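These are the residues of each chain, in order.
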Amino acid sequence: MKKKSILSLLLALCLVLSLGGAALASNQITMPYVTDAAGLLTNEQVMALEAQAKQIAENYGCAPYILAVNDFRVYEDTYDIYEAGMNLYERWELGYGPEKNGLLLILSMAERDYALVTYGSVTHRAFTDYGQDYLYEQFLDNFRNDDWAGGFQDYLNTGSWLLEQAKNGTPYDVNTAPRGFNPLIIVIPLVLALAVCLVLTGQMKTAKRKTEAGDYMVPNGVEMRVVQDIFTHRTVTRQVIQQNENKGGGGTTVNSRGFSGKSGKF
Amino acid sequence: MATQVTNYQCPACTGPLHYAGASGKLECEYCGSAYDVAEIEKLYAEKEAAAETQAAAAAVEAEELGEDQGEYTANGESWSPEGMKAYSCPSCGAELVCDETTAATSCPYCGNPSIVPGQFTDMRKPDYVLPFRLDKKAAEEALRKYYKGKKLLPRAFSAENHIQEIKGVYVPFWLYDGEADADVSYAATRVFTTTRGNERITTTEHYQVRRSGTVHFEGIPVDASSKMPDEHMDSIEPFDYSDLKPFSTAYLPGYLADKYDEDAEKCADRADQRARATALNVMSNSVKGYATCIPTHENVRLRRGRVKYALMPVWMLSTQWKGQNFLFAMNGQTGKLIGDLPISRGRLLGWFAGISLPLMAVLYLLLGG
């Protein structure tokens with residue numbers, strides 16, 4: 001554990017030195033916003049993303065971080081990339097301002113894992129659960145196609161847009177998100193119109209061959225000889241009732257450490 | 001050679017008599033007299049017998065002269081009207097040719113209602129006749145109403161087809177009595193569901209169910225005329241048999257009448273199929289209280305009973321529209337009317353668009369804004 005913490009610190013130091021004096025502020029080590037230890041980006045791309053992230057942090061008081069590594073387990077003694085993200089966020093004292101508002105996107109290339117951890121009230125207000133899902137949709141498709149720069153760009157652009165929505169007083173959430181085109185708008189009218197037309201068409205074809213003769217049964221003309229119901233056996237099946245998570249209320253789910261976010265594969 | 005024709009003449013003024021369904025009497029449209037069927041039957045029994053004798057004598061004479069019945073000579077060429085029958089109108093003397101299965105008709109020149117004699121003598125005579133209860137006016141009105149509610153009917157159709165050409169026809173039917181012995185086994189289940197903790201427990205009880213019994217039928221109707229579409233005749237059922245009368249030609253004047261050209265044996269299959277399906281349904285309906293019920297064994301044995309031959313009252317209109325033939329039929333007793341109608345594509349599209357487009361707009365405002 002100790003060894004891994006030292007490695008983590010060395011990584012941070014290397015990253016700071018690679019950025020020269022810009023990474024130093026006062027007496028405290030200031031982490032860069034973009035750290036590409038996996039070699040996914042060119043220097044120009046790193047510089048551009050760094051500048052954009054810095055601008056976002058200053059505009060909205062929420063720092064967006066990018067960390068690309070070959071294997072996150074080298075830096076944290078855990079198999080959970082989300083937990084690793086929270087640990088790194090705390091250890092490196094990431095975030096903007098005293099409240100440490102920010103979000104960290106980690107890409108681990110060994111098994112193509114990703115995690116997004118968000119922290120701070122400003123961040124949680126902007127990055128609701130619904131907003132986070134929207135954010136994943138924007139960058140995951142790029143990463144799945146090995147479009148690293150495009151994915152990070154989408155991450156920053158969408159993050160910036162979500163922060164802007166929150167700043168304007170309407171965070172992107174279940175009830176405030178602009179709704180996409182609902183296919184039911186087309187399907188329901190077509191089905192209803194078809195049903196009505198079928199009924200109207202049916203009125204035009206009334207001649208049908210009869211297959212039964214119920215009208216011609218003699219009154220009381222049914223004699224039942226055998227009415228037998230024999231129980232043969234019983235079968236029992238058991239099914240565990242799935243408890244559905246209620247995500248319909250909107251807002252942001254925050255864990256006991258004050259983080260929100262998600263992890264997965266890309 | 002033309003066959004002698006019987007028509008019922010008014011004893012008071014000798015005008016033609018029509019059977020009027022509303023009054024149930026034979027009425028004279030000239031002097032307004034009305035007579036009971038039995039009264040006229042009695043008066044004309046002798047006359048009809050004489051006419052048949054005369055027809056037989058005429059046939060013998062024709063044979064001796066080397067002429068075949070129903071064969072004419074025109075401009076030196078021979079014409080054999082196969083399947084046709086010739087007769088002369090007793091009112092105006094016109095020489096008429098009709099289908100050999102036509103038993104009653106009216107003269108197109110003078111409108112005189114006539115019975116073509118001999119039509120019920122060389123084949124089985126009908127056992128019963130169900131007299132018309134609804135008159136032509138009611139049939140025309142019913143057809144107009146039938147057109148009214150139809151949103152997809154082309155406007156020109158109802159205007160162009162001649163409702164007044166609707167004709168009352170006595171359609172020959174076989175009425176089959178019989179029994180169906182059914183023995184059916186089913187695999188049935190009852191399902192109970194309870195919840196215990198976070199488990200849903202489903203208990204299924206399996207039963208072997210058997211039903212066996214006899215279903216009695218009386219008068220399953222099958223139309224005996226190949227000219228009548230089965231679908232149309234089936235669809236105007238049921239007929240109320242309590243009004244069946246012993247057959248008499250006195251009910252026929254004023255209407256067309258056909259005799260059967262499909263015998264009772266040929267038509268029996270359709271009655272059997274209907275009896276079999278109904279017997280299975282009766283057995284199935286007696287199995288109650290189960291969640292599922294699937295037949296595993298079905299055995300139906302049919303016992304055919306008496307077959308009655310009856311003439312049923314049907315108002316019919318056959319009309320052409322854009323090369324297609326449309327036939328309407330109305331039960332002359334109950335007024336049940338059926339018939340396939342042409343569909344206007346323009347109206348169909350109009351309805352489809354008229355419903356779907358505004359609804360899309362409303363839903364877009366509600367869901368997609």
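Residues numbered from 1 in each chain as written. Chains lettered and ligands numbered in written order. Predicted model: local features only at pLDDT ≥ 70, side-chain atom pairs only at ≥ 80, totals over all residues. Heavy atoms only, no water.

Undergrad: Give a detailed account of the overall build of chain A, specifying residues and quantitative values.
TA: Helix and strand content of chain A: seven helices and eight strands. Here chain A holds 266 residues, and 41% of them are scored as buried. In chain A, 69% of the contacts between residues at least 6 apart in sequence involve partners at least 24 apart. Accessible surface for chain A amounts to roughly 14500 Å². Of this, 54% is attributable to carbon and sulfur atoms. (Helix = DSSP H or I, 4+ residues; strand = E, 2+ residues; numbered from the N terminus. Buried < 20%, exposed > 50% of the residue type's maximum accessible area, 1.4 Å probe, protein only. Contact = heavy atoms within 4.5 Å. Areas by Shrake-Rupley, 256 points an atom, 1.4 Å probe, with all protein chains shown as cover.)

Undergrad: Please give an account of the side chain of K308 of chain B that cites residues and values.
TA: Looking at the secondary structure, you find K308 of chain B in strand β15 (residues 292-321). Among all residues touching K308 of chain B, those that are not within four sequence positions of it are R124, D127, Y128, F173, W174, L175, D177 and E218 of chain B.

Undergrad: Describe the nonpolar core, naming the residues involved and giving the relevant values.
TA: Residues L143, Y147, Y170, Y176 and F328 of chain B are the most contacted members of the largest nonpolar core, which totals 69 residues. If you tally residues by element for this core, the top one is helix α5 (residues 264-285) of chain B, at nine residues. Among the domains, domain 1 (17-122) and domain 2 (136-347) of chain B are the pair contributing at least three residues each to this core. Among residues more than four places away in sequence, those in contact with L143 of chain B are I163, I166, L317, F328 and L337 of chain B. One finds Y82, L104, L116 and A166 of chain A within the second-largest nonpolar core, a separate group that totals 57 residues. (Core = buried A, V, L, I, M, F, W, Y, C linked by side-chain atoms within 4.5 Å. Domains from an automatic or database assignment.)

Undergrad: Mind laying out the sheet that holds strand β1 (residues 17-20) of chain B, listing which residues take part and the relevant values?
TA: Residues and elements named next belong to chain B. Read across the open sheet, the three strands follow the order β1-β2-β3; overall the sheet is antiparallel. Looking along the sheet, the strands with just one partner apiece sit at the ends: β1 and β3 (34-35). When strand β2 (residues 25-28) meets β3, the two strands line up antiparallel, connected through two bridges. Bridge assignment links L26 to a residue of β3, and that residue is Y35. (Pairing = 2+ DSSP bridges.)

Undergrad: Can you tell me about the interface of chain A and chain B, naming the residues and giving the values?
TA: The interface is formed by 53 residues belonging to chain A together with 72 residues belonging to chain B. Buried area between chain A and chain B, both sides added, is near 5700 Å², and the carbon and sulfur share of it is 58%. Across the contact surface, chain A and chain B share five salt bridges. Across the pair R225 of chain A and D181 of chain B runs a salt bridge, and its minimum N-O distance is 4.0 Å. (Buried area = accessible area lost by both parts, 1.4 Å probe. Salt bridge = Lys/Arg side-chain N within 4 Å of Asp/Glu carboxyl O.)

Undergrad: Please give an account of the pattern of salt bridges that cites residues and values.
TA: Per the counting criterion, the structure on display carries 30 salt bridges over all chains. For D230 of chain B, the salt bridge identified is with R209 of chain A, shortest N-O distance 3.3 Å. Of the two residues, D230 of chain B is situated in helix α4 (residues 230-235) and R209 of chain A in the loop between α7 (184-204) and β7 (217-240); the pairing between them involves two chains. One network of salt bridges, with partners in common, ties together R209 of chain A together with D230, E231, D234, E237, R270 and R274 of chain B.

Undergrad: Give me the lowdown on the packing of helix α2 (residues 43-60) of chain A against helix α6 (residues 148-167) of chain A, citing residues and values where you can.
TA: Axis angle and axis distance: for two packed helices, these are the angle between their axes and the distance between the axes, and together they describe the pair. Residues and elements named next belong to chain A. Between α2 and α6, the shortest axis-to-axis distance is 11 Å and the interhelical angle comes to 10 degrees. One finds that α2 runs roughly parallel with respect to α6. Between α2 and α6, the contacting residues are Q45, L49, Q52, A53, I56, N59 and Y60 on the first element and A149, F152, Q153, L156, N157, S160, L163, E164 and K167 on the second. Grouping the amino acids of the contact of α2 with α6 by side-chain chemistry returns eight nonpolar, six polar and two charged. (Axes fitted to C-alpha atoms, helices over the stretch in contact; angles between N-to-C directions. Parallel < 35°, antiparallel > 145°, perpendicular 65-115°, else oblique. Nonpolar A, V, L, I, M, F, W, Y, C, P; charged D, E, K, R; others polar.)

Undergrad: Please provide a residue-by-residue account of helix α5 (residues 129-144) of chain A, values included.
TA: Residues and elements named next belong to chain A. Its 16 residues give α5 an end-to-end C-alpha distance of 22 Å, which sits within 8% of 22 Å, the value for a rise of 1.5 Å per residue. Its axis deflected by about 25 degrees at Q138, α5 carries its strongest bend there. Among the residues of α5, D129, G131, Q132, L135, Y136, F139, L140, N142 and F143 are the ones counted as buried. Where α5 ends, the next residue or the one after it, D146, has phi of about 60 degrees, a positive value. (Expected span 1.5 Å × (residues − 1). Bend = angle between axes of the 7 residues up to and from the residue.)

Undergrad: I'd like to hear about the sheet that holds strand β3 (residues 34-36) of chain A, residue by residue, with values.
TA: Residues and elements named next belong to chain A. Read across the sheet, five strands follow the order β3-β4-β5-β6-β8 without closing on themselves; strand pairing throughout is mixed. The open sheet is flanked by β3 and β8 (259-265), the only strands paired with a single partner. Each neighbouring strand pair of the sheet contributes to a mean axis angle of 10 degrees, computed without reference to strand direction. Strand direction decides the pairing type here: strand β5 (residues 102-108) and strand β6 (residues 113-119), joined by seven bridges, are antiparallel. Looking at β6, one finds that S108 is bridged to D113. Against the sheet, helix α3 (residues 81-91) contacts β4 (63-69), β5, β6 and β8, and its axis sits at roughly 45 degrees relative to β6.

Undergrad: An account of the confidence of the model for chain B is requested, with residue identities and associated values reported.
TA: Residue and element names in this part refer to chain B. For chain B, per-residue confidence averages 80 on the pLDDT scale, and residues scoring 70 or more make up 76% of the total. By mean pLDDT, strand β4 (residues 72-74) is the weakest element of chain B at 32, and α5 is the strongest at 94. For the stretch residues 1-5, pLDDT sits under 50, and the model shows 23 contacts to residues farther than four places along the chain or on other chains. Contacts of residues 66-81 to residues separated by more than four positions or lying in other chains number 18 contacts, the stretch itself having pLDDT below 50. (pLDDT = per-residue confidence, 0-100.)

Undergrad: So what's going on with the packing of α5 of chain A against α6 of chain A? Residues and values would help.
TA: Residues and elements named next belong to chain A. One can describe the packing of α5 onto α6 by two numbers: an axis separation of 7 Å at closest approach and a directional angle of 165 degrees. By the angle class used here, α5 and α6 are roughly antiparallel. α5 and α6 meet at a crossing whose hand is right-handed. Note on element contacts: α6 touches α5 through W148, G150, G151, F152, D154, Y155, T158, G159, W161 and L162, opposite G131, Y134, L135, Q138, F139, N142 and F143. Looking at side-chain class alone, the contact of α5 with α6 contains nine nonpolar, seven polar and one charged residues. (Left-handed = near helix turned anticlockwise from the far one by under 90°.)

Undergrad: If you had to explain the pairing of β5 of chain A to someone new, which residues and values would you point to?
TA: Residues and elements named next belong to chain A. Among the seven residues that make up β5, seven are buried, leaving the element largely enclosed by the rest of the structure. Here β5 shows no split at all, with G102, L104, I106 and S108 on one side and L103, L105 and L107 on the other all buried. As judged from the seven bridges shared by β4 and β5, these two strands associate in the parallel manner. Looking at β5, one finds that L67 is bridged to I106. The β-α-β motif built from β4, the intervening α3 and the parallel element β5 has right-handed crossover chirality. Where β5 hands over to β6, the hairpin turn is made up of four residues, of which R112 adopts a positive phi near 50 degrees. (Right-handed = clockwise from strand over helix to strand, strands pointing away.)

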